[in-house]
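Residues per chain, in single letters:
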Amino acid sequence: MSETLTKLSYQAFQQGKTYFGVIHKTLSSRLMNLIHPTLGQRGKPMTEEVLFKLQQRINQLLETDWQDTEKGVYPESLLFDHPWSDFFRYYPMVCLELPQIWERSAQKKHQEFSPEIETDGYPSYYVQNFHNQTNGYLSDNSANLYDLQVEILFSGTADPMRRRILSPLKQGLKAFNSLPAKQIRVLDVACGTGRTLRMLRGSLPQASLYGVDLSPAYLRKANQQLSEIPGELPQLLQANAEELPYLNNYFHGVTSVFLFHELPAKVRQTVIEQCFRVTKPGGVFVICDSIQISDSPEFAVNLESFPLLFHEPYYRDYTHDDLVGRLEQAGFENISTQVHFMSKYFIAHKPA
């Protein structure tokens, strides 16, 4: 009985997030069309058939999310781990940010940063107003708003999509079952605000966790969020994924969530090769990112509209890229893929 009530609570919780996201996007779109009518013409409206398929995928995603808790991949508490304090504190700021986002998009000002933001030393592809957000990924305000913005973008499904890395990761880590749990090392590349690391800690409570990101502001946010949960604090470093500051063959598992669509093609290959270098023989590398055209041709209109509505300069190339080929070129083998809602997963293994 308690399990049934927990599942019903989870479904209600997720449904509430979905409805909230849809309402927010509907109202903000109407307001945007009043202020900047040309912006609404950039994307194509979704047909009823596409909307129905999207809802089917959401339902499948949430059912898989629940089933993974039943299998013991992660505790039920992760299903309800929501940053409520950040929601009530920062949601008004998300709304106040919208006019600036629309203006920046209308004016095509995609490399606009406030004078106090230090941009020297970052790769040119990173100094972007991704999603047209103020100061890109280089301000504390951006870090505070990011998780809310992504949850709204995906209608409350961002966390369930992130959690889909946990099952293949734990499956891959079985190659090291002979080791004590505390000796297992897992790296999250482009860890951002630490949401994925929170989930990794819930799923792997004794493992040594590491996170690397280019943004000091996002690392400060990650440190704040990770300090709130029990367990050893993950080790966070500011670094470029093109030159990971770790020894060869150091990690038993490596993950990366929502990174590769924001990288130029050449850099994607470099980062994959770096991930291969730091992964132990027999280790596993799990990528979560956007679906691609070849996986979901029925959503081609959505994928083509996305970079037009949001500033994502490398997204279109990503949707046609052969990441399996790139993983093989780096030396990974036994590569498989999965699709859950609007995300695709690549599970690759380093030869033992």
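Note: the structure precedes this text.
Residues numbered from 1 in each chain as written. Predicted model: local features only at pLDDT ≥ 70, side-chain atom pairs only at ≥ 80, totals over all residues. Heavy atoms only, no water.

Visitor: Even after reading the chapter, I still don't get the overall build of the chain, so can you show me in this structure?
Guide: Along the chain, the regular secondary structure elements total twelve helices and seven strands. Against the compact-globule benchmark of 20 Å for 352 residues, the chain has a radius of gyration of 20 Å, which places it among compact chains. Taken along the three principal axes of its C-alpha coordinates, the chain extends 60 × 55 × 40 Å. Among the 352 residues that make up the chain, the fraction classed as buried is 56%. (Helix = DSSP H or I, 4+ residues; strand = E, 2+ residues; numbered from the N terminus. Rg over C-alpha atoms; globule rule 2.2 N^0.38 Å. Buried < 20%, exposed > 50% of the residue type's maximum accessible area, 1.4 Å probe, protein only.)

Visitor: When you look at the layout of surface pockets in this model, what are you seeing that I'm missing?
Guide: Gaps between atoms show up when a probe of the same size as a water molecule is rolled over them. One number sums up the size of the second largest pocket: a volume of about 310 Å³. As for the second largest pocket, its lining consists of 16 residues, and the residues nearest its centre are Lys170, Leu173, Asn177, Ile184 and Leu204. Broken down by class, the residue content of the lining of the second largest pocket amounts to nine nonpolar, five polar and two charged. (1 Å grid on protein atoms, 1.4 Å probe; cavity = no way out; pocket = protein on both sides within 12 Å on 5 of 7 lines; lining within 4 Å. Points joined across faces, edges and corners; volume = space filled by probe spheres on them. Nonpolar A, V, L, I, M, F, W, Y, C, P; charged D, E, K, R; others polar.)

Visitor: How should I be thinking about the pattern of salt bridges in this particular structure?
Guide: Pairing between side chains of opposite charge can happen when the charged atoms of each approach one another. Summed over all chains, the structure comprises 19 salt bridges. Among the salt bridges present, the one from Asp317 reaches Arg268, with a minimum N-O distance of 2.7 Å. Of the two residues, Asp317 is situated in helix α11 (residues 315–320) and Arg268 in helix α9 (residues 265–278); the sequence distance between them amounts to 49 residues. Beyond isolated ion pairs, a larger network of salt bridges with shared partners links Asp65, Asp68, Arg163 and Arg164. (Salt bridge = Lys/Arg side-chain N within 4 Å of Asp/Glu carboxyl O.)

Visitor: Would you explain the environment of Ala348 in this entry?
Guide: Positionally, Ala348 belongs in strand β7 (residues 343–349). Note: C-alpha distance between Ala348 and Thr337 (eleven residues apart in sequence) is 8.8 Å. Look past the residues within four positions of Ala348 in its chain and what remains in contact with it is Gly283, Val284, Phe285, Leu327, Phe332, Glu333, Asn334 and Ile335. (Contact = heavy atoms within 4.5 Å.)

Without other data, these values stay purely geometric and don't point to any function.
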